[in-house]
Amino acid sequence: MNPQRFVALPSQTVGPFFHFGITTDPDLGDLATPSAQGEHIELRVRLLDGDGAPIPDGIVELWQADSTGKYAHPNDTRDREPDPAFRGFGRLATGDDGACTFSTVRPGRVPGEHGAWQSSHINVCVFARGLLGHLCTRIYFDDDPTLAEDPVLSLVPAGRRATLLAHRDEGYGCWSIDLHLQGESETVFFDL
Amino acid sequence: MKIYPRPEPGDQPTLFHPAYQSTIRRAPALAPVRIPHTLSELTGPVFGDHALGETDNDLTRHHSGDPLGERIVVAGRVLDEDGRPIPHTLVEVWQANAAGRYRHSRDNHPAPLDPNFTGAGRALTDENGNYRFPTIKPGAYPWRNHHNAWRPAHIHFSLFGPCFLTRLVTQMYFPDDPLIPHDPILQSIPNESARRRLVSHFDLSLTEPEWALGYRFDIVLRGRDATPFEDQR
């Protein structure tokens with residue numbers, strides 16, 4: 001074997017006992033400070049297993065652009081500053097109901113391939129006991145009139161696109177989405 | 001510009017791996033949908049020095065007294081798939097104590113907690129990609145996956161790397177652990193060469209005389225430089 005070969009390490013599960021290690025900071029549920037620009041929202045994300053049972057030992061991580069569609073990262077080289085009152089990254093453990101709720105703003109649209117614009121979306125990583133590698137998905141908003149033009153959604157079979165849409169939940173008074181790791185309404189996960 | 005080739009078959013775990021029972025109702029049944037790498041995937045959270053305390057990387061110094069167990073130093077470099085260092089990236093670790101018990105309300109393994117050991121640490125890599133965690137060698141512990149199931153000693157690692165595509169949560173194992181061949185979590189990785197990459201190496205140069213043994217664990221994250229050949233494909 002060539003000793004100079006560098007290969008990315010394999011993933012392993014977070015296991016059930018990660019809380020004291022990487023989800024100790026409740027501030028990571030707030031991506032936006034009150035002065036952040038844009039439409040402030042609460043977003044409830046719930047993890048469900050193949051039986052529809054809540055997953056009480058999972059982690060949800062969010063990564064998103066600010067309300068103008070700017071990512072706070074050097075690879076976003078477009079000539080404007082990201083909103084200093086907005087963090088872009090969130091991380092929470094799920095509770096006994098399988099859910100966690102973030103405070104954020106609706107992200108602006110960001111460019112995709114070949115000059116196309118992507119619809120407003122939040123990038124998501126899901127970790128849990130029983131997940132040997134993390135799952136990647138996106139959250140879109142079901143009232144967004146541009147969804148039909150989104151170049152990534154168009155790669156998803158039409159019948160499964162709804163699994164990626166958050167909706168306004170009157171019961172919780174916030175935006176809400178269920179991520180089904182398995183089962184009839186299994187969420188679309190991405191091969192990145 | 002960096003590119004992020006997808007892993008070779010067998011180098012990552014098989015998500016549905018019934019020998020690890022929790023995968024049976026949690027691993028997706030459908031194939032993931034392949035999408036291109038846009039600005040959303042090529043960016044990711046950036047963490048700065050201000051987030052870290054001075055002793056965050058030393059798990060033996062988080063309480064007033066010394067923790068029990070075998071003191072060790074776990075250190076290595078974070079690299080990309082060209083072998084180039086990844087500087088200033090966040091590395092988080094968590095682990096059981098020397099008796100194999102986690103500081104966690106749902107861990108009811110009847111082994112003692114250590115009042116002087118929490119078992120969580122974090123560090124930013126330096127400009128050459130180096131990280132270092134003085135800690136205690138974790139114990140093996142039983143779990144209920146199957147009759148007489150024991151996890152090999154391990155330390156959980158979480159890394160972000162330069163973008164959303166480089167996120168990695170994994171586990172580091174110790175050399176010559178007799179439980180490794182019996183562990184369905186590590187054995188969920190089909191390729192033996194890939195499993196071996198998660199096993200640290202004893203390294204005399206990392207030991208500290210009269211103080212601690214040393215284990216080296218280099219961490220390769222996705223990503224390498226594009227070559228003209230690949231740009232044409």
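Residues numbered from 1 in each chain as written. Chains lettered and ligands numbered in written order. Predicted model: local features only at pLDDT ≥ 70, side-chain atom pairs only at ≥ 80, totals over all residues. Heavy atoms only, no water.

This structure, assessed with the given rule, holds 29 salt bridges over all chains. Here Arg26(B) makes a salt bridge to Asp57(A), at a shortest N to O gap of 3.0 Å. With Arg26(B) in the loop between β1 (2-3) and β2 (33-34) and Asp57(A) in the loop between β1 (40-48) and β2 (58-63), this pair bridges two chains. Per residue, the accessibility class of Arg26(B) equals that of Asp57(A), and both read buried. Close ionic contact of Arg122(B) with Asp56(B) constitutes a salt bridge, the shortest N to O distance being 3.0 Å. With Arg122(B) in strand β5 (residues 120-124) and Asp56(B) in the loop between α1 (39-42) and β3 (71-79), this pair connects stretches of sequence that are 66 residues apart. Taking relative accessible area as the criterion, Asp56(B) reaches 17% and is therefore assigned buried. (Salt bridge = Lys/Arg side-chain N within 4 Å of Asp/Glu carboxyl O. Helix = DSSP H or I, 4+ residues; strand = E, 2+ residues; numbered from the N terminus. Buried < 20%, exposed > 50% of the residue type's maximum accessible area, 1.4 Å probe, protein only.)

Counting from both sides, the interface comprises 75 residues of chain B and, opposite them, 68 residues of chain A. Carbon and sulfur atoms make up 61% of the area that chain B and chain A hide from each other, which totals about 6300 Å². Sorting the residues of chain B by area buried against chain A places Arg25(B), Arg26(B) and Phe164(B) first, and these three jointly supply 14% of that buried surface. Here Arg106(B) and Asp96(A) are joined by a salt bridge, their closest N and O atoms 3.8 Å apart. Inspection of the chain B/chain A interface yields 36 residue pairs in polar contact (both at pLDDT 80 or more). Ranked by the residues each element gives to the side of chain B that touches chain A, the list is headed by strand β10 (residues 168-173) of chain B, at five residues. Bridge count between strand β9 (residues 190-191) of chain A and β2(B): two bridges; the pairing is parallel. From the neighbouring strand, Phe190(A) faces β2(B), where its bridge partner is Val33(B). (Contact = heavy atoms within 4.5 Å. Buried area = accessible area lost by both parts, 1.4 Å probe. Polar contact = N/O pair within 3.5 Å; in protein donor to acceptor, adjacent residues only side chain to side chain. Pairing = 2+ DSSP bridges.)

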